[in-house]
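# A structural walkthrough
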Amino acid sequence: MSTLNNLQPDHAPTTDRATALAHSAIDNAATKARQIENDVRRGADRAGTKVTESRESVDKAVKDGVDQVTAFAKERPGTTVGLAFAAGVLASALLRR
């Protein structure tokens, strides 16, 4: 028992070493977690930017297509009515089957 009483908290090299290793491991894990979080955030930002650019591109393409159809209908109203009638007849025939 006398040996146990002589131990001071300062004289525990194994515990000190284990504590230092644990702190080091936690610090390393925190650093890696921070890096991963930053990588994920950058990737999400890039993905969001690409989605926005793609949506804007699709919006422009749709607008351009609508503008072309509108211009065609104004230039050739008779042809437009004929095409609409033909599309209606075709759709009706396909739906009957």
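Look up: the structure comes first, before these words.
Here is a short report on the structure shown in this document. It should be emphasised that the depicted structure is a prediction, and the values quoted were computed from it without experimental measurement. (Residues numbered from 1 in each chain as written. Predicted model: local features only at pLDDT ≥ 70, side-chain atom pairs only at ≥ 80, totals over all residues. Heavy atoms only, no water.)

### Considerations on the overall build of the chain
Quick note on the threshold: A run of H or I in DSSP counts as a helix once it spans at least four residues, and a run of E counts as a strand once it spans at least two, with each numbered from the N terminus. Exposure categories follow from relative accessible area, calculated using a 1.4 Å probe and restricted to protein chains: below 20% of the type maximum is buried, above 50% is exposed, and the middle band is partly exposed. Here the open area of atoms and residues is found with the Shrake-Rupley method and a 1.4 Å probe, where only the protein chains shown may cover a residue.
Regarding its fold elements, the chain presents 3 helices and 0 strands. Helices and strands appear in the chain in the N-to-C order α-α-α. Looking at the 97 residues of the chain, the share that counts as buried comes to 0%. For the chain, the accessible area works out to roughly 8700 Å², and carbon and sulfur atoms hold 62% of it.

### Remarks on the pattern of salt bridges
Quick note on the threshold: Salt bridges are defined as contacts in which a side-chain nitrogen from Lys or Arg sits within 4 Å of a carboxyl oxygen from Asp or Glu.
This structure, assessed with the given rule, holds 5 salt bridges. Between Asp59 and Arg55 there is a salt bridge; the shortest N-O distance is 3.2 Å. Of this pair, Asp59 and Arg55 both sit in helix H2 (residues 13-75), 4 residues apart, which is roughly one turn of that helix. The class of Arg55 is partly exposed, set by a relative accessible area of 47%. Two residues, Asp67 and Lys63, come together in a salt bridge whose shortest N-O distance is 3.0 Å. Pair noted here: Asp67 and Lys63 are both in helix H2, with a separation of 4 residues, about one helical turn.

### Details of the environment of Phe72
Let me state the cut-off plainly: Should any heavy atoms of two residues lie within 4.5 Å, those residues are considered in contact.
Within the fold, Phe72 resides in helix H2. Setting aside anything within four residues of it in sequence, one finds Phe72 in contact with Thr79, Thr80 and Leu83.

### Quick word on helix H3 (residues 77-96)
Worth spelling out the cut-off: An expected span of 1.5 Å times one less than the residue number is assigned to each helix.
Helix length check: H3, at 20 residues, gives a terminal C-alpha distance of 29 Å against a target of 28 Å (1.5 Å per residue), a fit within 8%. Buried residues are scarce in H3, accounting for 0 of its 20 residues.

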